[in-house]
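Secondary and tertiary structure notes
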Amino acid sequence: MKRPKLKKASKRLSCSKRYKIQRKVREHHRKLRKEAKKKGVSKRVKKDLGVPSSAPFKEEVLREAEQRKLQIEEEKERQRQANKEERAKKRKKEEAASNETGPQAKKTRKDALARKQAAVNRSSKQFLCAELNKVIDASDVIVEVLDARDPQGSRCPQLEEAVLQREGNKKILLLLNKIDLVPKENLEKWIGFLQKEFPVVAFKASTLIQDKTLQAKKSRIVASNDILDKSRGVACFGSSCLSDLLMSFASKTQSEAKLKVGIVGFPNVGKSSLINSMKGILACNAGVKRGITKSMQEVHISKNVKLIDSPGIVASPTNPPASMALRSLQVEEGQDSVLEAAQTLLKQCDKTQVMLQYNVPDYRNSLEFLTMLAKKRGYLQKGGVPDTQQAATTFLSDWTGAKLSYHCKVPGTHILPAYLMDSVVAEMQNGWNLKRLKAGNEETLNGVKFPNPASSISFVSKGPTSGLLSVSEEQPDAANTGEEQNKEAEQTPVDSNDAEEKTEKTSQNKKLMVQFESSALEVNLTATSADDAYDFNVHFK
């Protein structure tokens, strides 16, 4: 009997019932043994007693048994060799068939080579740039998604200039995502600043949208005490304003074709989450990790409007380290370590605000901050050593994901970029229902719960981030690096011997380090940088 407030029923039985079950089992086993005895079936395998000592001709019998055993082994070896030869012959026939110089064989080989050349790596910069250009060419309206915490750093001037130069009178719309992570006053200033160039939409995407099949499974069983989830991750603001704006613009175009809206932007700004929030289901894969979207994907949200998801813009390596670290671009490409990226971000922040946000005491450098953060979060290695690598990874994920609240100050004066003119700005504003856009933004700002300005970290932005729209911009640098590598490889053999001697010296120094000599320790302490070094004589007495 299942008692209330218990997950499983009790397995306890009364003694009479347990004894009855045991008696029935014994009777059943006895019956099976009787039937097996009648049939002459026994489980025991009779042991081979061998040849008894009293048997006549015992040695001859043993000799015959040994010879029979050897014959069986020889037969198995012959069979094994025959199978091996047969497999070798079959392999030769296949190789001969593949090496035939007939026209059909040549055609198949050419097709295979063409297939290999056409299959470009989906993670390569060439493929990502080509997909982004496809989205720009196929779209009538380009929605550039910006991170509201750093709007100017999320903009790509090369992308905006390329859209303005394309044919077809394409429109650009700026969308500020993650508005729930910045103070309200700062957001209003940024909207007023960016509206001087393009129309701006305030948006907060939902990050907890589930798959349609999962929703259907959950909807079959509805608990009596089911609570509606109104958490910050589920809530979405600004979708009705954006959909009304796009539908009104589509009705003004007076064309039977659907309005194609391309969603573009740097990685981790929320492009796929925006499309999922507009659709209401999980239409595109989204996550904190960069590069989940590899190719363009079309999603229909209404009869007149179609959204096109795109891969993230490829950032140029000439950008400042802070801009690259803020989006963990160099870390994922292997050009920079997690510790260096965390150190770069810490230099751009207010120290007291970081201490209050992460609840850590005063620190002198980034290494000390990461050590204290690792101890506080419990990131410890073997022997209780703080794992600064994991602490730096967590620190970076907080900044790149939709978790940490930080904001950038709005510039005092507004200067139009070189690719924008007053006539172009007026043309970009034309065709949109700006009154409805302003009312929708005010409604969105009234519904969102903004963080307190005191709890938001002030960050120094490095300005717009330059991106790559074609591979030709990278090729000269790669060629130069290849020439430099060739020149270094063509050096005299004396240099290689010197390099070998240097490596031997360094290995000898490493061996000396194990002997705990005072001189080796002094050399290491002076070799480290003053920024991230502990003074053990002063701080650890």
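What you see is a predicted model; the values in this text were computed from it and never measured.

What counts as what
Numbers given for residues are sequential positions, taken from 1 along each chain in its written order. Where totals are concerned, whole chains, interfaces and linings use all residues; where local detail is concerned, this predicted model gives features only for residues with pLDDT of at least 70, and gives and counts side-chain atom pairs only at 80 or more. Think of the side-chain values as coming from all heavy atoms in the structure, minus any hydrogens and water. Here the aromatic set is Phe, Tyr and Trp, taking the six-membered ring for Trp, and pairing holds for ring centres within 6.5 Å; pairs whose planes are under 30 degrees apart are stacked, those over 60 apart are edge-to-face, and all others are tilted. Using a 1.4 Å probe on the protein chains alone, a residue whose accessible area is under 20% of its type maximum counts as buried, one over 50% counts as exposed, and one in between counts as partly exposed. Over a ring means this: the NZ of a Lys or the CZ of an Arg is within 6 Å of the ring centre and within 35 degrees of the ring normal. Only protein atoms enter the calculation, which uses a 1 Å grid: trapped sets of points that fit a 1.4 Å probe without letting it out are cavities, open sets showing protein on both sides within 12 Å along at least five of seven lines are pockets, and any residue with an atom within 4 Å of a point is a lining residue. Grid points are joined across faces, edges and corners, and a volume is the space filled by probe spheres set on the points. Under the grouping applied here, Gly and all other residues not named as nonpolar or charged are polar, the nonpolar ones being Ala, Val, Leu, Ile, Met, Phe, Trp, Tyr, Cys and Pro and the charged ones Asp, Glu, Lys and Arg. Note: domain ranges come from an automatic or database domain assignment. To get an axis, fit a line to the C-alpha atoms, keeping to the stretch in contact for a helix; angles then go from 0 to 180 degrees between the N-to-C directions. The secondary structure listing takes helices from DSSP runs of H or I that are at least 4 residues long and strands from runs of E that are at least 2 residues long, numbered from the N terminus. Angles are sorted into four bins: roughly parallel if under 35 degrees, roughly antiparallel if over 145, roughly perpendicular if 65 to 115, and oblique for all others. Handedness of a crossing is defined here by the sense of rotation of the near helix relative to the far one, left-handed for an anticlockwise turn of less than a right angle and right-handed for a clockwise turn. Should any heavy atoms of two residues lie within 4.5 Å, those residues are considered in contact. Residues belong to one nonpolar core when they are buried, are Ala, Val, Leu, Ile, Met, Phe, Trp, Tyr or Cys, and are joined through side-chain atoms within 4.5 Å. DSSP calls a pair of strands paired once it identifies at least 2 bridges connecting them.

Another point: the packing of aromatic side chains. Applying the stated rule across the entire model yields 10 aromatic pairs. Ring geometry for Tyr 363 and Phe 369: centres 5.1 Å apart, planes at 50°, overall tilted. Assigned by exposure class, Tyr 363 and Phe 369 land together as buried. Following the ring pairs from residue to residue traces out a cluster consisting of Tyr 358, Tyr 363, Phe 369, Phe 395, Trp 399, Tyr 406 and Phe 459. The ring of Tyr 363 carries Lys 351 above its face, with NZ or CZ at 5.2 Å from the centroid.

Enumeration according to the criterion identifies 2 cavities of 30 Å³ or more in this entry. Looking at the second largest cavity, its volume works out to about 40 Å³. What lines the second largest cavity is a set of 12 residues, and nearest its centre among them are Asp 150, Ser 323, Leu 326, Phe 459 and Lys 462. A breakdown of the residues in the lining of the second largest cavity according to their chemical character gives 4 nonpolar, 5 polar and 3 charged. Each of domain 1 (125-209 + 228-318 + 406-468) and domain 2 (321-400) accounts for three or more of the residues forming the lining of the second largest cavity.

Relative to each other, helix H13 (residues 338-347) and helix H16 (residues 388-400) sit at 50°, their axes nearing to 9 Å. In this view, H13 runs oblique relative to H16, as classed from their interaxial angle. Where H13 crosses over H16, the two elements pack in a sense that is left-handed. Of H16, the residues touching H13 (which contributes Val 338, Leu 339, Ala 341, Ala 342, Leu 345 and Leu 346) are Thr 388, Gln 389, Ala 392, Thr 393, Phe 395, Leu 396 and Trp 399. Split into classes, the residues belonging to the contact of H13 with H16 amount to 10 nonpolar, 3 polar and no charged.

If you look at the biggest cluster of nonpolar residues, it comprises 93 residues, and the most contacted ones within it are Phe 369 and Trp 399. For this core, the element with the highest residue contribution is helix H9 (residues 239-253), accounting for 6 residues. Formed jointly, this core draws a minimum of three residues from each of two domains, domain 1 (125-209 + 228-318 + 406-468) and domain 2 (321-400).

Moving on, we come to the sheet that holds strand E1 (residues 141-147). On the basis of which strands lie adjacent, the open sheet formed by 6 strands has the order E3-E2-E1-E4-E6-E5 and mixed pairing. Looking at which strands have only one partner, the edges of the open sheet turn out to be strand E3 (200-202) and strand E5 (297-300). The sheet shows a mean angle of 25° between the axes of neighbouring strands, direction not considered. Alignment of E1 against strand E2 (residues 171-177), held across 7 bridges, turns out to be parallel. Bridged to Val 141 within E2 is Lys 171. Its contacts with the sheet place helix H4 (residues 125-138) against E1, strand E4 (259-264) and strand E6 (305-309), and it is angled at close to 145° to E4. Strands in contact with helix H6 (residues 157-165) are E1, E2 and E4; relative to E2, the strand with the most contacts, it is inclined by about 150°.

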